[in-house]
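# Structural description and commentary
Each chain is listed here by its residues.
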Amino acid sequence: MSAPVRDPASLGRADPPGLRLRPRSALVLGLASLAGVVMFCWPLLLQVPPDSDTVQPPFVFMLLLPVVIVVCLAEFSEGGMDSKVLAVLAVLTAVNAVMRGLSAGVGGIELVFFLLILGGRVFGAGFGFVLGCTSLFASALLTGGVGSWLPFQMMASAWVGTGAGLLPRRVRGRAEVAMLVLYGVAAAYVFGLAMNLTSWPFALGISVPGHEGGLAFVPGDPLLENLRRFGVYTLLTSTGSWDTGRAVTTAVALVVLGPAVLATLRRAVRRATVVRVGPVDTAAPAGPGR
């Protein structure tokens, strides 16, 4: 005979076993990320005929949403996301959607990433992946920002949440906040870099005052030449403005609000700890006081 008992060893951990990324979920997440890399880098991977000066984008991004759904279902079916964790996911998604609506359009100020990083940090890489997708999707519905750019934003944000979940787990205290700040700053710049890559191939006749030479994508040119033009384009158009504003906003929010939000989310983790089923010895003799 067996009865459910609480596993005492799991209560002191930052990540109870039920919130870890399981093998099947890790496989699906890896496939989704691989599809995302192709989705972002397709212009640099295509072989263009010499007599062609245009390229047509593939429709790999159409596979993104079904893959994200599979990730969520795989997490749920393997016990990685029970009803309590899904409730936390819904709350964080709603909060992120509202904050992005309040900050969208203000030069570089982005209030989504700090909560996305903290959620991925506490609940793990799989949770961070799904939270990144659901947050951007919900905010797009809320602000009317649904367009061809949305799948790219969802995937890039999912990578931000996933990376936060893969950071070293034993770091705590001020060192943890400092680690998250450094990661948040790096993620803010990488996010801007990835989003620039989605629009740069379609920008024709790019000219920046003070810079000689074209910065547009040239189909069929050597990879290094296109990468050089893209690097200059990114530095001159977004790195010093939008991306830096996003990095500063994320860093300040992590320093000011990070410790309190981490404590709150970790209390939610303890309440969402999975119950372990263990054997109960029914043949043990009753004591005098029984």
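Please refer to the structure placed before this passage.
This section reports on the structure supplied with the text.

Glancing now at the overall build of the chain. Check the secondary structure of the chain and you find 9 helices and 2 strands. Going from N to C terminus, the chain has its helices and strands arranged as β-α-α-α-α-α-α-α-α-α-β. Of all 290 residues assigned to the chain, the portion counted as buried reaches 44%. For the chain, the exposed area adds up to about 14900 Å²; of that, 69% sits on carbon and sulfur atoms.

Moving on, we get to the pattern of salt bridges. Under the criterion given, the structure shown has 4 salt bridges. Among the ionic pairs, E176 bridges to R172, the shortest N-O distance being 3.8 Å. For the salt bridge of R266 with E176, the shortest nitrogen-to-oxygen distance reads 2.5 Å. Note that R266 is positioned in helix α9 (residues 223-271) and E176 in helix α8 (residues 174-199), a separation of 90 residues in sequence. One exposure class covers both R266 and E176, and it is buried. One continuous salt-bridge network, built from bridges that share partners, spans R121, R172, E176 and R266.

This paragraph deals with the packing of aromatic side chains. Aromatic ring pairs: the centre-centre distance and the angle between the two ring planes describe each pair. For the structure on display, the rule yields 4 aromatic pairs. Centre to centre, the rings of F113 and F191 are 4.9 Å apart; their planes meet at 70 degrees, and the pair counts as edge-to-face. Placement of F113 in helix α5 (residues 113-123) and of F191 in helix α8 is noted, with a sequence separation of 78 residues between them. Of the residues examined, F113 reaches a relative accessible area of 5% and is grouped as buried. Among the aromatic residues, ring-to-ring pairing joins F40, F152 and W159 into one connected group.

So, on to the packing of α5 against helix α6 (residues 125-143). Direction vectors running N to C along α5 and α6 enclose 150 degrees, while the axes themselves pass 6 Å from each other. As the angle between them shows, α5 and α6 are arranged roughly antiparallel. Where α5 crosses over α6, the handedness of that crossing is right-handed. Along its contact with α5, which presents L115, L116, G119, G120 and F123, the element α6 presents A125, F127, G128, L131 and G132. In the contact of α5 with α6, the residues fall into 6 nonpolar, 4 polar and no charged.

F40, F123 and F127 are the most contacted members of the largest nonpolar core, which totals 54 residues. Sorting the residues of this core by element identifies α2 (23-45), α4 (83-103), α5, α6, α7 (150-165), α8 and α9 as the ones contributing at least two each. Per element, the largest residue contribution to this core is 10 residues, and it comes from α8.

Calculation rules
- Numbering of residues begins from 1 in every chain and follows the order in which that chain's sequence is written.
- The predicted nature of this model means local features are confined to residues of pLDDT at least 70 and side-chain atom pairs, given and counted, to a pLDDT of 80 or more, with totals for whole chains, interfaces and linings taken over all residues.
- Side-chain numbers come from the whole structure's heavy atoms, not from hydrogens or water.
- Going along the chain from the N terminus, every DSSP run of H or I of four or more residues is numbered as a helix, and every run of E of two or more is numbered as a strand.
- For each residue, the accessible area found with a 1.4 Å probe, counting protein chains only, is set against the maximum for its type, and the residue is called buried under 20%, exposed over 50%, and partly exposed in between.
- Residue burial considers only the protein chains on display, and all accessible areas are found by Shrake-Rupley using a 1.4 Å probe.
- A pairing counts as a salt bridge when a side-chain nitrogen of Lys or Arg comes within 4 Å of a carboxyl oxygen of Asp or Glu.
- Stacked, edge-to-face and tilted are the three classes for Phe, Tyr and Trp ring pairs, Trp counted by its six-membered ring, which pair at centre distances within 6.5 Å; planes under 30 degrees apart are stacked, over 60 edge-to-face, the rest tilted.
- Fitted lines through C-alpha atoms serve as axes, helices being fitted only where they are in contact, and the angles separating the N-to-C directions of these axes extend from 0 to 180 degrees.
- Roughly parallel means an angle under 35 degrees; roughly antiparallel means over 145; roughly perpendicular covers 65 to 115; every other angle is labelled oblique.
- When the near helix sits turned anticlockwise from the far one by under a right angle, the crossing is termed left-handed; a clockwise turn instead gives a right-handed crossing.
- Note on contacts: a residue pair qualifies if any of its non-hydrogen atoms lie within 4.5 Å across the two residues.
- By the convention adopted, Pro, Cys, Tyr, Trp, Phe, Met, Ile, Leu, Val and Ala count as nonpolar, Lys, Arg, Asp and Glu as charged, and the other residues, Gly among them, as polar.
- Residue types Ala, Val, Leu, Ile, Met, Phe, Trp, Tyr and Cys, when buried and joined through side-chain atoms within 4.5 Å, form a set referred to as a nonpolar core.

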